[in-house]
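Survey of secondary and tertiary structure
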Amino acid sequence: MTEDEAKKAILENLQGKSKTKSKFYLKDFYSMVPDMKPREIKNIVNKMVQEGHLEYWSSGSTTLIGLKGMGKQHQEED
Amino acid sequence: MGKHNTPMLDELEKGPWPSFVSDIKQQADKGKHILKEAPNDLLGIMEMSYVDKVTHWKHGGIVGVFGYGGGIIGRYCDQPQMFPGVAHFHTVRVNQPSSKYYTSDYLRKLCDLWERHGSGLTNMHGSTGDIVFLGTTTDHLEPLFYELTHDLNQDLGGSGSNLRTPECCLGMSRCQFACYDTEETCHQMTNAYQEELHRPAFPYKFKFKFDGCPNGCVASIARSDMSVIGTWRDDIRIDQAAVKAYVGGELKPNAGAHSSRDWGKFDIQAEVINRCPTECMCYGDGKLEINNAECVRCMHCLNVMPRALRIGEDRGASVLFGAKAPILEGAQMSTLTVPFMKMEAPFDELKELVEKVWDWWMEEGKNRERLGELIQRKSMQEFLRVIELDPDPRMVDEPRSNPYIFWKEEEVEGGWTRDIDAYRKKHLR
Amino acid sequence: MPYDPSNPLQDRITDIGPKYFREFFPPVIEKNFGKWVYHEILEPGVLVHVAESGDEIYTVRVGGARLMSVELLREMAEIADKYCGGYLRFTTRNNIEFLVSDKAKVKPLVDDLKSRKFDGGSYKFPVGGTGSGITNIVHTQGWAHCHTPAIDASGVVKAVMDSLFDEFGSMRMPAPVRVSLACCLNMCGAVHCSDIAILGIHRKPPMIDGEWIDKLCELPLAIAACPTAAIKPAKTASGLKALEVNAERCMFCGNCYTMCAAMPLADEVGSGIAILVGGKLSNRISKPKFSKVVIPFIPNEPPRWPSTVDAVKKIVDVYAKDARKYERLGDWAERIGWERFFEKTEIPFTHHLIDDYRFAYTTWRQSTQFKF
């Protein structure tokens with residue numbers, strides 16, 4: 001799978017779930033791109049944040065990642 | 001008199017120990033911080049907690065500087081109307097210099113920066129070692145980061161599922177016990193893993209800490225997933241004249257650490273020889289002897305007689321893995337994994353080791369599972385296999401007492417496939 | 001070029017790490033790096049380190065509240081300029097160290113530091129925290145800044161340190177006594193290997209804000225946050241999607257509240273303090289060991305937490321009187337036996353103190369060796 005295909009798979013996956021859940025652990029992304037190594041996936045996910053497709057959500061102790069602008073907590077921070 | 005009435009907190013201005021309440025009030029009265037109402041409103045909301053006995057903070061969120069998944073932690077108070085000055089009150093973690101030396105000039109630059117972009121309140125330092133800027137609003141984060149990196153040549157620390165800001169003891173800069181250069185190691189390892197520090201990479205947090213000797217001043221054995229603790233392999237160096245001077249009372253034992261109380265005359269037999277955990281020392285005819293092969297380097301004799309005894313010269317570090325606070329499986333201390341490693345720049349051996357550990361943890365670790373828990377779940381044997389280390393009796397306190405060994409098929413001659421018909425030729429049904 | 005808000009990513013600098021520490025070394029530290037031979041504590045809070053070259057560096061250590069204002073930091077900078085050529089450092093236990101190479105400057109520096117007080121009357125820079133004394137309490141954020149604390153941190157520390165103040169400024173303990181505080185059991189300031197640990201604990205499971213929870217939170221995240229799988233989906237009486245907590249499985253960690261503010265945990269009477277003792281980190285004489293819970297609960301008593309202060313003081317006093325030289329608190333308790341520890345400290349032993357979590361059996365006694 002190429003990087004672009006991986007990005008596409010991730011976006012499709014997140015969009016499919018966005019009604020019930022908008023934030024995911026890094027590990028949850030592994031199953032969206034099954035033929036890549038964790039480190040490669042991590043790098044792609046972080047790149048997608050740089051590119052503005054995804055965003056981090058941090059509890060301070062743990063980081064979750066989701067589609068930019070999605071999720072219920074947003075109202076509170078705006 | 002502050003903006004809010006704070007009779008409970010005012011009780012904490014009494015007594016001799018430095019009062020954080022007085023300090024916050026001083027900032028509120030005299031400070032030049034841009035978020036003018038923050039210190040007063042912090043006192044206000046804390047007073048409310050003192051009355052209610054519960055916190056008034058919420059936290060977490062998307063706030064951060066662009067592209068970083070760590071370093072900023074969103075905080076919001078749950079009474080924003082009453083305390084608008086702390087309605088949004090985010091934490092900024094700034095990566096401290098190794099062992100926290102500063103010049104007054106640089107300290108003032110940090111103060112200037114934080115006056116321009118925040119509450120004027122800090123933690124020097126946070127639990128993990130960062131310079132913590134306590135409380136600012138989202139609009140200040142990007143300008144603060146810009147000035148931090150451009151004007152102060154300085155980066156943020158870690159938070160979330162990242163490598164956390166590494167920390168070290170003061171090492172060779174001011175301590176005769178330092179067995180390796182903790183400060184340089186900490187600095188180089190921090191810089192080598194900036195990606196892991198700033199962007200989420202792991203199932204949960206990961207900490208490095210670097211202690212220069214087994215006294216463990218930076219608590220690495222209890223507080224870091226990878227604990228690097230200085231040690232040596234050769235002999236403790238003895239200055240027999242100085243030993244005699246301690247025995248004779250000319251030198252102050254313990255470097256004076258017990259001097260506020262009369263413990264009687266220094267007794268080398270009772271205080272050093274008999275206290276040695278491996279009984280590897282003796283003193284007679286004015287001469288101290290150490291059977292160095294039996295020494296476990298507990299540091300006691302060196303601590304008691306620092307002018308007579310010095311660490312050996314073949315120095316390096318032991319590397320231990322897996323310490324963590326109680327969440328979830330219970331608190332763990334790090335387990336001795338590499339008894340001895342030379343610690344010299346560019347620290348390739350250490351980097352190679354930790355990268356193997358990370359690859360395994362990224363692959364196998366469950367969400368929010370610390371390394372120490374993963375090792376417990378998958379077994380120490382599996383961990384050693386992954387990092388390609390041979391087992392060593394130094395890694396355990398004692399061998400297992402239960403005989404339930406999970407033999408692997410390839411370890412047993414002939415494997416597990418057997419011929420039942422051949423068996424039946426000799427054994428009737 | 002200054003920051004341009006219309007183009008925040010212009011000239012962006014990232015991943016440069018911390019400042020290089022050697023830029024901040026006093027000249028004598030730089031010159032004698034790695035060549036220190038020995039040290040001596042001249043008086044509580046004042047150390048000298050001597051190098052192979054014969055050079056000396058004097059350190060004056062003062063305690064600090066971890067929460068510090070920039071006004072106070074500026075005052076430290078001014079002191080460092082006046083006496084120390086502009087150099088100072090901080091310790092891992094929130095102490096501040098002023099470094100001078102000229103012995104003649106030590107006394108004026110100490111006198112100056114001791115003379116500085118806040119308007120409220122407390123010392124700004126108490127000198128001490130060395131050797132076999134009680135140094136500063138490391139702690140967490142508490143009610144000043146954290147969302148899951150069971151207790152305040154700064155206030156409890158202030159009250160306890162006031163009562164231990166004489167021990168901070170002297171060295172009459174049998175061995176160092178490290179006191180630490182974490183305001184909830186997540187222990188962002190891991191205190192589990194301290195001689196005395198003051199730990200905030202919750203005792204009531206979270207409430208569910210049923211009318212709001214589905215609007216404010218993503219329910220699957222709250223469910224996933226629970227380490228004991230005690231949270232499951234539910235419906236309110238009016239049919240709204242919500243959650244419910246299996247109270248018997250709740251370990252009161254607050255992870256769900258972290259993910260979902262509609263599950264508040266802290267409680268006026270449910271939250272309070274547990275005291276743990278006998279841990280250590282150093283390998284000196286005995287191995288590092290965990291702290292053990294000896295008081296399962298003390299109510300929150302702001303503003304000065306008298307029951308907690310008394311409990312800590314009592315443990316310190318009994319230990320100081322009874323332990324042998326070099327014996328850490330945990331070594332002492334093990335030598336005399338924990339049954340004696342409870343007798344001597346007059347702390348009641350209750351069923352809460354017997355472990356029933358993951359490694360429980362390792363702490364039960366499998367022996368007939370005990371004391372009456």
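Within each chain, residue numbers correspond to sequence positions counted from 1 in written order. Here chains are named by letter from A upward and ligands by number from 1 upward, in the order in which they appear as written. Confidence filtering applies because this is a predicted model: local features only for residues at pLDDT of at least 70, side-chain atom pairs given and counted only at 80 or more, and all residues used for totals across whole chains, interfaces and linings. As a rule here, side-chain values come from all non-hydrogen atoms in the structure, and water together with hydrogens is ignored.

- If you look chain C up in an unreviewed UniProt entry, it shows as Dissimilatory-type sulfite reductase subunit beta from Desulfomonile tiedjei.

- If you check an unreviewed UniProt entry, chain A appears there as Dissimilatory sulfite reductase D family protein from Desulfomonile tiedjei.

**With respect to the overall build of chain C**
- Think of it this way: any DSSP run of H or I at least four residues long counts as a helix, any run of E at least two long counts as a strand, and we number them from the N terminus. A tally of regular secondary structure across chain C gives 11 helices and 12 strands.
- Counting only C-alpha atoms and orienting by the principal axes, one finds that chain C spans roughly 75 × 75 × 40 Å.
- In chain C, which comprises 372 residues, the share counted as buried stands at 61%.
- Considering only contacts within chain C whose residues lie at least 6 apart along the sequence, 63% involve residues at least 24 apart. Per-residue accessibility, obtained with a 1.4 Å probe over protein chains only, is compared with the maximum for each type, and a residue is labelled buried under 20%, exposed over 50%, and partly exposed between these values. Whether two residues touch is decided by their heavy atoms; if any such pair falls within 4.5 Å, the residues are in contact.

**Description of the pairing of strand 13 (residues 287-290) of chain B**
All names here are of chain B.
- In strand 13, alternate side chains face the same way, and those of Leu288 and Ile290 are buried while those of Lys287 and Glu289 on the opposite face are not.
- In this scheme, strands are said to pair when DSSP sees at least two bridges between them. Strand direction decides the pairing type here: strand 12 (residues 281-284) and strand 13, joined by 4 bridges, are antiparallel. Pairing of Gly284 across the sheet is with Lys287, part of strand 13.
- In textbook terms, the turn of a hairpin is the stretch between consecutive antiparallel strands, and for strand 12 and strand 13 this stretch comprises 2 residues, one of which, Asp285, has a positive phi near 55°.

**Describing the confidence of the model for chain A**
- The score called pLDDT rates the predictor's confidence residue by residue, from a low of 0 to a high of 100. Looking at chain A, the pLDDT average stands at 89 and 92% of residues meet or exceed 70.
- Considering each helix and strand of chain A separately, the mean pLDDT is smallest for helix 4 (residues 74-77) of chain A, with a value of 56, and largest for helix 3 (residues 38-50) of chain A, with 95.

**Things to note about the interface of chain C and chain B**
- Facing the 136 residues of chain C at the interface are 136 residues of chain B.
- With both chains or domains summed, chain C and chain B bury close to 12,400 Å², and 58% of this area falls on carbon and sulfur atoms.
- In this description, buried area is defined as the sum, over both parts, of the accessible area (probe of 1.4 Å) that is lost when the two are combined. Among the residues of chain C in contact with chain B, Trp143, His145 and Lys325 of chain C are the three that bury the most area, contributing 6% of the side total.
- By definition here, a salt bridge exists when the distance from a side-chain nitrogen of Lys or Arg to a carboxyl oxygen of Asp or Glu is within 4 Å. Taken together, the connections running from chain C to chain B amount to 10 salt bridges.
- Its salt-bridge partner being Asp112 of chain B, residue Arg74 of chain C comes within 2.5 Å of it at the nearest N-O pair.
- Pairing of N or O atoms within 3.5 Å defines a polar contact, subject to two protein rules: one partner must be a possible hydrogen donor and the other a possible acceptor, and residues neighboring in sequence count only if both atoms are side-chain atoms. At the surface where chain C touches chain B, the tally comes to 70 residue pairs in polar contact (both at pLDDT 80 or more).
- Per element, the largest residue contribution to the side of chain C that touches chain B is 9 residues, and it comes from helix 2 (residues 70-83) of chain C.
- Basically, the charged four are Asp, Glu, Lys and Arg, the nonpolar ten are Ala, Val, Leu, Ile, Met, Phe, Trp, Tyr, Cys and Pro, and anything else, Gly included, counts as polar. The class makeup of the residues in the side of chain C that touches chain B is 70 nonpolar, 36 polar and 30 charged.

**As for the pattern of salt bridges**
- Scanning the entire structure with this criterion turns up 63 salt bridges over all chains.
- With a closest N to O distance of 3.1 Å, Arg12 of chain C and Glu142 of chain B form a salt bridge. Placement of the pair is Arg12 of chain C in the segment before helix 1 (27-31) and Glu142 of chain B in helix 5 (residues 138-150), with the two residues belonging to separate chains.
- Accessibility expressed as a relative area gives 24% for Arg12 of chain C, which makes it partly exposed.
- We classify Glu142 of chain B as buried; its relative accessible area is 15%.
- One salt bridge in this structure joins Arg233 of chain B and Asp314 of chain B, with 3.0 Å as the shortest N-O distance. Highlighted residues: Arg233 of chain B in the loop between strand 10 (226-232) and strand 11 (237-238) and Asp314 of chain B in the loop between strand 14 (309-310) and strand 15 (315-321), separated in sequence by 81 residues.
- Taking relative accessible area as the criterion, Arg233 of chain B reaches 51% and is therefore assigned exposed.

**Quick word on the state of the cysteines**
All names here are of chain C.
- In this description, a disulfide is simply a cysteine sulfur pair whose atoms lie within 2.5 Å. The tally for this structure, following the rule as stated, stands at 1 disulfide over all chains.
- Cys217 shares a disulfide with Cys260; S-S distance 2.1 Å. Given an S-S torsion of about 75°, the disulfide between Cys217 and Cys260 has right-handed geometry. Here the residue Cys217 occupies a position in the loop between helix 6 (213-216) and helix 7 (219-225), and Cys260 occupies one in the loop between helix 8 (255-259) and strand 11 (272-277), the gap between them amounting to 43 residues.

**Digging into the sheet that holds strand 12 (residues 292-299) of chain C**
All names here are of chain C.
- If you walk across this open sheet you meet the 4 strands as 7-8-11-12, and the pairing is mixed. Each of the sheet's edge strands pairs with one partner strand only, and the pair in question is strand 7 (179-182) and strand 12. In this sheet, adjacent strand axes meet at a mean angle of 20° when their direction is disregarded.
- Sheet topology places strand 11 next to strand 12; 5 bridges connect them, and they run antiparallel. Paired with Ile273 across the strands is Ile298, a residue of strand 12.
- Here the axes come from fitting lines to C-alpha atoms, over the contacting stretch only for helices, and the angles between their N-to-C directions go from 0 to 180 degrees. The strands touched by helix 11 (residues 338-345) are strand 11 and strand 12; relative to strand 12, the strand with the most contacts, the crossing angle is about 35°.

**Quick look at helix 3 (residues 106-115) of chain C**
Residues and elements named next belong to chain C.
- Every buried residue of helix 3 is listed here: Val106, Leu109, Val110, Asp112 and Leu113. Buried residues in helix 3, looked at end-on, bunch into an arc of 165°, giving them a common side. Exposed residues pointing more than 90 degrees away from the buried face of helix 3 are listed as Lys107 and Ser115. This arc corresponds to the set of directions leading from the helix axis out to the C-beta atoms.

**Quick look at the pairing of strand 6 (residues 95-100) of chain C**
Residues and elements named next belong to chain C.
- Most of strand 6 is tucked away: 6 of the 6 residues are buried.
- Burial along strand 6 is two-sided: the face carrying Asn95, Glu97 and Leu99 and the face carrying Ile96, Phe98 and Val100 are both buried.
- In this structure, strand 5 (residues 87-90) lies alongside strand 6, joined through 3 bridges in antiparallel fashion. Considered in strand 6, the bridge of Phe90 is made with Ile96.
- Count of turn residues in the strand 5/strand 6 antiparallel hairpin: 4 residues, of which Asn94 carries a positive phi of about 60°.

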